[in-house]
Amino acid sequence: ARKRQALQSREEELEAARKRLAMAEASRRALTEEAALLSRTNAELRDEAAEAGPMRESLRRLEAEKEALLEMVGEKTEQIESMLDDQREIKHMYQAEMAALLERLGP
């Protein structure tokens, strides 16, 4: 009876060890899958970071070009406003000249 009890105790210990082993293997598989996922994610992030450098440089160049174009537009706007002022002044001078001529010609 004692041997039988010792054998049953050993079998229970063996079964418990098998369960712990199965749990450890399942945990190892899950950790391996997670490590693979993290590795892929890390590689993707590295690729994205490598692409970001040239994109930043391109953005910097485009912003500088935009600023230059805005400055040119501002200068052209000032030129147009000046030309419109000149046109209005010439129109008033012409109207004044016409009025003077009409006045000299009489009624």
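Residues numbered from 1 in each chain as written. Predicted model: local features only at pLDDT ≥ 70, side-chain atom pairs only at ≥ 80, totals over all residues. Heavy atoms only, no water.

Student: Just to check I follow, could you spell out the overall build of the protein chain for this structure?
Tutor: What the protein chain contains, in helices and strands, is one helix and zero strands. Here the C-alpha atoms of the protein chain give a radius of gyration of 45 Å, more than 25% beyond the 13 Å that 2.2 N^0.38 yields for 107 residues. For the protein chain, the spread of C-alpha atoms along the three principal axes comes to 150 × 30 × 10 Å. Split into buried and exposed, the 107 residues of the protein chain put 1% on the buried side. Summed over its atoms, the accessible surface of the protein chain is roughly 10,400 Å², and 58% of this surface lies on carbon and sulfur atoms. Averaging the coordinates of the 19 positive side-chain charges in the protein chain and doing the same for the 24 negative ones gives two points 20 Å apart. (Helix = DSSP H or I, 4+ residues; strand = E, 2+ residues; numbered from the N terminus. Rg over C-alpha atoms; globule rule 2.2 N^0.38 Å. Buried < 20%, exposed > 50% of the residue type's maximum accessible area, 1.4 Å probe, protein only. Areas by Shrake-Rupley, 256 points an atom, 1.4 Å probe, with all protein chains shown as cover. Lys, Arg positive; Asp, Glu negative; His and termini not counted. Charge placed at Lys NZ, Arg CZ, Asp CG, Glu CD.)

Student: Would you mind showing me how to read a negative patch on the surface here?
Tutor: Side chains of E44, D47, E48 and E51 sit close together on the surface and give a patch of like negative charge. Turning to its location among the elements, E51 is positioned in helix α1 (residues 2-105). (Patch = residues over 30% accessible without salt bridge, like charges linked within 9 Å, V, L, I, M, F, W, Y side chains within 5 Å. Salt bridge = Lys/Arg side-chain N within 4 Å of Asp/Glu carboxyl O.)

Student: What exactly am I supposed to notice about the pattern of salt bridges here?
Tutor: Any two side chains of opposite charge can pair, on the condition that their charged atoms come close. In the structure shown here, the tally under the stated rule is six salt bridges. For E13, the salt bridge is made with R10, and the minimal N-O distance between the two is 3.5 Å. Of this pair, E13 and R10 are both found in helix α1, three residues apart, which corresponds to roughly one turn of the helix. Among the residues examined, E13 registers a relative accessible area of 43% and is labelled partly exposed. A salt bridge links R60 to E57; the shortest N-O distance between them is 2.6 Å. Separated by three residues within a single helix, R60 and E57 lie in helix α1, roughly one turn from each other. Among the residues examined, E57 registers a relative accessible area of 34% and is labelled partly exposed. Residues joined in a network through salt bridges with shared partners are E57, R60 and R61.

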